[in-house]
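Fold and geometry: a report
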Amino acid sequence: MPPRSASKPSKKRSNPDSVTSSATGPVPSASSKKKASKEVDGTDKLFDKYANASSGVIDPEGIEKLCSSLEVPHTDIRILMLAWRMKAERQGYFTKGEWRIGLKALKVDTIGKLKKALPELEKEVREPLNFRDFYAYAFQYCLTEDKQKFLDTETICQLLDMVLGSTFRAQVDYLIDYLKIQKDYKVISMDQWRGFCRFCNEISFPDMTNYNLELAWPSILDDFFEWLREKQA
Amino acid sequence: VQERFGNQSFRMERKTIDLEQGWDYMQTGITKLKRILEGLPEPQFDSEQYMMLYTTIYNMCTQKPPHDYSQQLYDKYREAFEEYINSTVLPALKEKHDEYMLRELVKRWSNHKVMVRWLSRFFYYLDRYFIARRSLPPLNEVGLTCFRDRVYNELHSKVKDAVIALVDKEREGEQIDRALLKNVLDIYVEIGMGQMERYEADFESFMLLDSASYYSRKASSWIQEDSCPDYMLKSEECLKKERERVAHYLHSSSEPKLVEKVQHELLVVYANQLLEKEHSGCRALLRDDKVDDLSRMYRLYHKIAKGLEPVANIFKQHVTAEGNALVQQAEDTATNQAANIASVQEQVLIRKVIELHDKYMVYVVECFQSHTLFHKALKEAFEIFCNKTVAGSSSAELLATFCDNILKKGGSEKLSDEAIEDTLEKVVKLLAYISDKDLFAEFYRKKLARRLLFDRSANDDHERSILTKLKQQCGGQFTSKMEGMVTDLTLARENQTSFEEYLGNNPAANPGIDLTVTVLTTGFWPSYKSFDINLPSEMVKCVEVFKGFYETKTKHRKLTWIYSLGTCHLNGKFDHKPIELVVSTYQAAVLLLFNTTDKLSYNDILTQLNLSHEDLVRLLHSLSCARYKILTKEPSTKTVSQTDSFEFNAKFTDRMRRIKIPLPPVDERKKVVEDVDKDRRYAIDAAIVRIMKSRKVLGHQQLVSECVEQLSRMFKPDIKAIKKRMEDLITRDYLERDKENPNMFRYLA
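None of these values were measured; they are calculated from a predicted model.

1. Focus: the overall build of chain B
Along the backbone of chain B there are 28 helices and 11 strands. By the compact-globule yardstick of 27 Å for 749 residues, chain B is too spread out, its C-alpha radius of gyration being 48 Å. The dimensions of chain B, computed from C-alpha atoms along their principal axes, are 155 × 65 × 60 Å. Taking all 749 residues of chain B together, 46% fall into the buried category.

2. Some thoughts on the overall build of chain A
Scanning chain A for helices and strands turns up 10 helices and 2 strands. Secondary structure elements of chain A, listed N to C terminal, follow the sequence α-α-α-α-α-α-β-α-α-β-α-α. Across the 233 residues of chain A, 47% fall into the buried class. If you take every contact in chain A between residues at least 6 apart in sequence, the share linking residues at least 24 apart comes to 67%. In the form shown here, chain A has an accessible surface area of approximately 12600 Å², with 53% of it arising from carbon and sulfur atoms.

3. Focus on the sheet that holds strand E5 (residues 599–601) of chain B
Strands pair in a sheet through their backbones, by hydrogen bonds, and they do so in one of two ways: parallel or antiparallel. All names here are of chain B. Read across the sheet, 3 strands follow the order E5-E7-E6 without closing on themselves; strand pairing throughout is antiparallel. In the strand order of this sheet, the two ends are held by E5 and strand E6 (631–634), each with one partner. Taken pair by pair, the neighbouring strands of this sheet meet at an average axis angle of 25°, ignoring direction. Relative to strand E7 (residues 645–648), E6 is paired through 4 bridges, and the arrangement is antiparallel. Counterpart to Leu 631 in the pairing with E7 is Phe 648. Where helix H24 (residues 602–609) meets the sheet, it contacts E5 and E7, and its direction lies at approximately 85° from that of E5. Those strands touched by helix H25 (residues 613–624) are E6 and E7, and its axis lies near 110° from that of E6.

4. Quick notes on the pattern of salt bridges
All names here are of chain B. Going through the model one piece at a time under the given rule, you end up with 81 salt bridges over all chains. A salt bridge links Lys 429 to Glu 425; the shortest N-O distance between them is 3.9 Å. Taken together, the residues span about one helical turn, with Lys 429 and Glu 425 both in helix H18 (residues 417–431) at a distance of 4 residues. For Asp 575, the salt bridge identified is with Lys 651, shortest N-O distance 3.4 Å. Taken as a pair, Asp 575 in the loop between strand E3 (567–573) and strand E4 (578–584) and Lys 651 in the loop between E7 and strand E8 (658–660) lie far apart in primary sequence, 76 residues in all. Sharing partners across several salt bridges, the network here consists of Asp 168, Glu 170, Arg 171, Arg 178, Asp 210, Glu 242 and Arg 245.

5. A short note on the sheet that holds strand E11 (residues 744–747) of chain B
Residues and elements named next belong to chain B. A sheet is described by the order of its strands in space; here 3 strands give the open sequence E9-E11-E10, paired in antiparallel fashion. Strand pairing shows two members of the sheet lacking a second neighbour, strand E9 (697–699) and strand E10 (735–737), which therefore form its edges. Within the sheet, the average angular offset between the axes of one strand and its neighbour, ignoring direction, is 30°. Here 3 bridges tie E9 to E11, and the two strands are oriented antiparallel to one another. Following the sheet pairing, Gly 699 is matched in E11 by Met 744. Packing against the sheet, helix H27 (residues 700–711) makes contact with E9 and E11, and its axis sits at approximately 90° to E9.

6. Some points on the pairing of E4(B)
All names here are of chain B. Burial within E4 is extensive, with 5 of its 7 residues counted as buried. Alignment of E3 against E4, held across 7 bridges, turns out to be antiparallel. Bridged to His 569 within E4 is Val 582. Hairpin geometry of E3 and E4 is characterised by an intervening segment of 4 residues between the two adjacent antiparallel strands.

7. A few points about the packing of aromatic side chains
We describe a pair of aromatic rings using the distance from one ring centre to the other and the angle between the two ring planes. Applying the stated criterion across every chain yields a total of 58 aromatic pairs over all chains. Ring geometry for Tyr360(B) against Tyr363(B): centres 5.0 Å apart, planes inclined by 50°, an arrangement best described as tilted. With Tyr360(B) and Tyr363(B) both in helix H15 (residues 339–367) and 3 residues apart, this pair spans about one turn of that helix. One aromatic cluster in this structure is built from Tyr174(A), Tyr178(A), Phe199(A), Phe205(A), Tyr211(A), Trp217(A), Phe224(A), Phe225(A) and Trp227(A). A cation sits over an aromatic face here: Arg198(A) above Trp217(A), 4.1 Å from the ring centre.

8. Regarding the interface of chain A and chain B
Opposite the 18 residues of chain A that make contact, chain B presents 14 residues. Where chain A abuts chain B, roughly 1400 Å² becomes buried across the two surfaces, and 41% of that area is made up of carbon and sulfur atoms. Sorting the residues of chain A by area buried against chain B places Asp191(A), Ala216(A) and Ser219(A) first, and these three jointly supply 36% of that buried surface. Between the two partners, chain A and chain B, sit 5 salt bridges. Two residues, Arg737(B) and Asp191(A), come together in a salt bridge whose shortest N-O distance is 2.6 Å. On the surface where chain A and chain B come into contact, there are 12 residue pairs in polar contact (both at pLDDT 80 or more). With 4 residues, the top contributor of residues to the side of chain A that touches chain B is helix H10 (residues 219–232) of chain A. For the side of chain A that touches chain B, a count of residues per class yields 7 nonpolar, 3 polar and 8 charged.

9. Some details on the environment of Leu46(A)
All names here are of chain A. Along the chain, Leu 46 falls in helix H1 (residues 34–50). For Leu 46, a relative accessible area of 6% gives the class buried. Along the sequence, Leu 46 and Lys 116 sit 70 residues apart, while their C-alpha atoms lie 15 Å from each other.

10. Side note on the nonpolar core
Residue and element names in this part refer to chain B. Counting residues in hydrophobic clusters, the biggest one holds 161 residues, and the most contacted among them are Phe 123 and Phe 315. With 14 residues, the single largest contributor to this core is helix H6 (residues 139–171). Residues contacting Phe 315, with those up to four places away along its chain left out, are Leu 286, Tyr 360, Tyr 363, Val 364, Phe 368, Phe 374, Ala 377 and Leu 378.

11. Here's the deal with the environment of Val151(B)
Residues and elements named next belong to chain B. Considering the arrangement of structural elements, one finds Val 151 in helix H6. For Val 151 and Phe 402, which are 251 residues apart along the polypeptide, the C-alpha to C-alpha distance reads 83 Å. What Val 151 contacts, discounting residues up to four positions off in sequence, is Ile 85, Val 89, Leu 90, Leu 93, Leu 105 and Cys 146.

12. Section: H6(B)
All names here are of chain B. Between its first and last C-alpha atoms H6 spans 42 Å; for 33 residues at 1.5 Å apiece the expected length is 48 Å, and the helix comes up short by more than 12%. The largest bend in H6 is about 50°, located at Tyr 152. With its phi angle positive at about 110°, Gly 173 sits one or two positions after the end of H6.

Conventions adopted
Residues numbered from 1 in each chain as written. Chains lettered and ligands numbered in written order. Predicted model: local features only at pLDDT ≥ 70, side-chain atom pairs only at ≥ 80, totals over all residues. Heavy atoms only, no water. Helix = DSSP H or I, 4+ residues; strand = E, 2+ residues; numbered from the N terminus. Rg over C-alpha atoms; globule rule 2.2 N^0.38 Å. Buried < 20%, exposed > 50% of the residue type's maximum accessible area, 1.4 Å probe, protein only. Contact = heavy atoms within 4.5 Å. Areas by Shrake-Rupley, 256 points an atom, 1.4 Å probe, with all protein chains shown as cover. Pairing = 2+ DSSP bridges. Axes fitted to C-alpha atoms, helices over the stretch in contact; angles between N-to-C directions. Salt bridge = Lys/Arg side-chain N within 4 Å of Asp/Glu carboxyl O. Phe/Tyr/Trp six-rings, centres within 6.5 Å; stacked < 30°, edge-to-face > 60°. Lys NZ or Arg CZ within 6 Å of the ring centre and 35° of its normal. Buried area = accessible area lost by both parts, 1.4 Å probe. Polar contact = N/O pair within 3.5 Å; in protein donor to acceptor, adjacent residues only side chain to side chain. Nonpolar A, V, L, I, M, F, W, Y, C, P; charged D, E, K, R; others polar. Core = buried A, V, L, I, M, F, W, Y, C linked by side-chain atoms within 4.5 Å. Expected span 1.5 Å × (residues − 1). Bend = angle between axes of the 7 residues up to and from the residue.

Right under this line is the structure:
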């Protein structure tokens with residue numbers, strides 16, 4: 001799970017799904033949508049296993065439980081990917097609706113199936129078009145306040161590591177070093193965040209010979225470039 | 001058929017003339033003509049002879065076949081020339097050389113033209129019908145062509161050599177027969193029969209080559225031996241002579257070509273060596289103020305494509321160096337001397353820069369004929385050194401201080417009004433070179449405020465005059481606030497009159513103290529910190545009374561009191577004699593505390609007045625540690641500390657009856673720079689939004705450059721700053737990056 005900020009649940013969600021569900025099964029109906037409803041039922045059952053009974057949503061604790069069921073560390077990127085699939089809005093929480101969307105998209109209804117679906121999910125997310133969306137989502141997901149537009153550099157460092165670390169180890173390590181040392185930027189915007197990904201994808205590293213200060217790279221990357229150049233000299 | 005000639009009518013028996021017979025007759029005429037041309041004693045043709053010859057041709061052409069001899073006569077006409085040329089003309093020419101040959105040629109050409117004229121008159125009838133019918137060249141042309149083919153083609157090369165030799169002789173200073181050369185060269189022109197080809201190919205091209213190599217040789221030795229001015233004089237002279245040459249005997253079309261060649265050899269090939277000559281080149285001339293030589297240099301290089309660029313460049317470097325030297329001088333003086341002397345030096349710098357500008361503007365206008373290259377060079381030079389910092393002060397600040405010194409009382413009282421106007425004019429012109437114009441405006445505004453509020457302005461007319469000049473140069477927006485300030489003062493005076501009337505009509509409201517209030521319109525004036533000092537009760541009453549009055553005038557405005565700008569006159573009842581103290585409101589507040597208590601500690605005062613430590617220390621220092629010790633401090637150390645205590649100094653006295661106790665001014669510089677930086681951020685934002693709103697989509701580099709251009713009237717924006725503002729606007733959802741091209745931006749409505 002991506003790092004949580006100090007719990008300030010000021011983001012109010014109207015959650016139609018936070019109906020306290022009992023552990024009873026569905027009422028058998030003569031509906032032709034039996035199969036579909038069965039699926040939903042399975043999904044719902046699974047949801048209930050991890051959801052907080054009083055709030056009706058899966059909370060950070062529940063997610064931790066989920067992670068251990070999936071045998072995935074809770075700081076693993078795959079949980080973030082799952083959140084993305086679910087279009088989860090609030091970091092650290094899954095609503096029933098989001099759960100349903102996610103599991104339906106993955107075509108799973110048991111924990112075992114979900115676990116097996118994770119590699120496929122990862123592959124799908126890493127497709128260029130999806131990754132772009134996922135990458136932006138990662139930032140968005142960490143915003144906790146209503147009008148918040150920035151993330152602190154510490155969060156960004158962790159996020160960078162999680163999201164880009166496996167593909168761009170060197171760049172990420174240097175970026176993190178820089179972010180920790182520099183004093184000009186205390187927070188990072190979405191535009192800057194996007195810039196990091198673009199940088200990793202487009203700029204040859206570590207020579208950075210195709211980096212051009214005259215272009216519209218966010219100035220934090222200009223500063224990073226100059227810092228690294230000096231270091232290399 | 002009858003022809004009429006003169007008065008006689010002629011009847012000729014139309015007996016058939018046979019060719020041989022007719023030609024024999026014609027020969028007599030031709031022979032006669034030749035004799036005339038050869039200068040032999042031979043009378044001229046009379047009209048009867050002429051007519052006979054003409055008629056013979058006529059008849060032979062109009063006879064019935066097989067006796068119509070037009071073709072044969074046409075051929076014989078040409079043969080007549082050929083025969084004469086071969087037998088007489090050519091041999092005569094071939095045996096002569098050089099100038100003699102030239103003379104002979106001129107003579108023979110002239111003769112030939114006469115011969116053509118006469119013979120073509122005799123044979124005229126052919127011209128009328130025969131040549132047209134057969135599309136043949138007319139007689140005139142035939143005649144000239146004979147000379148061209150037989151004489152000219154043979155000799156033109158030799159002739160050309162002889163001419164060029166004479167030209168070079170003349171160049172070396174010898175006298176030559178110019179008329180002769182003119183006549184010879186006319187042949188080249190005429191032989192072209194309407195085209196300049198022969199002249200150009202057979203003479204001019206060689207002449208140009210020869211001229212080029214002549215001047216090349218000269219230049220290579222002159223450039224070693226002569227100084228730059230001397231070389232230029234020689235060049236100018238050469239060009240003059242060559243132009244004269246053209247006027248005297250070359251064809252006018254040769255002038256531009258010849259001039260170009262000479263210029264090239266003398267001025268283009270050696271341009272660099274000439275201009276950069278160590279002790280006499282362009283730099284040295286500028287250094288030594290050699291105005292005439294520089295004017296000559298301009299004249300010479302003006303006509304050469306891109307010739308002025310190196311000159312303008314050296315000019316720019318020279319002016320820049322001079323300017324930099326002035327700046328360095330001021331910097332050195334400032335670091336070596338005490339602060340107040342240093343600031344005088346800085347003012348001297350501005351004066352010197354103005355003088356430098358005047359001096360070199362004269363150069364631009366007079367030596368360099370106001371050519372745009374030099375205006376540009378001057379401008380760029382000034383832009384370089386006028387934006388340097390001197391002893392920590394930006395040029396914007398120096399200039400503002402300079403203006404303040406002229407406009408304040410005791411500043412420039414020795415100068416005449418005219419001199420002041422003139423100086424103000426020049427100062428405003430200098431402002432054009434300063435990139436941080438907004439910084440100047442802010443410093444100016446701050447100092448203007450001081451002058452206006454403390455009645456330190458020397459002359460209202462001058463104040464308004466400079467604002468007009470600034471407006472003209474920088475636009476209305478630049479001066480609108482300042483003008484507002486000046487207007488405020490005028491209104492304030494009227495307001496004060498109404499206030500006094502009001503007090504007159506409401507004696508109960510009278511605070512018992514003479515109160516003058518100046519109401520300032522917030523937007524116009526610099527921002528002042530004003531914080532809530534606890535005023536003494538007398539002053540509180542004043543404030544309330546004025547508030548009451550003001551509300552009768554308008555209910556919609558809020559009054560914010562700026563005590564830091566107030567002045568107070570107190571009567572100090574000292575033991576020896578009473579003295580009027582002119583102090584700031586804050587100082588007054590401190591002093592009035594001692595009306596009720598004899599001794600107060602620092603903390604007492606702090607609590608009672610509710611001031612910051614920094615401000616209080618400053619105030620107490622001015623009253624107890626400076627020149628006039630109105631309060632005695634315990635312990636009597638040189639600086640104020642928080643453990644001190646203070647007492648009214650009843651023993652204080654001075655020979656004056658009224659003294660001013662100044663507060664050392666707070667350093668405005670930091671605040672001004674901060675304010676300007678803040679304004680710039682807004683200005684950059686506004687410019688970006690404005691541009692994007694109208695363009696909708698724009699590439700990064702273009703956006704940056706348009707932004708810089710839009711803002712350049714006021715300041716030179718830092719590219720990094722623009723980038724940061726753009727990113728901020730992205731976060732605030734004014735702009736977004738294009739999805740395909742992240743270097744492209746879109747406006748978000």
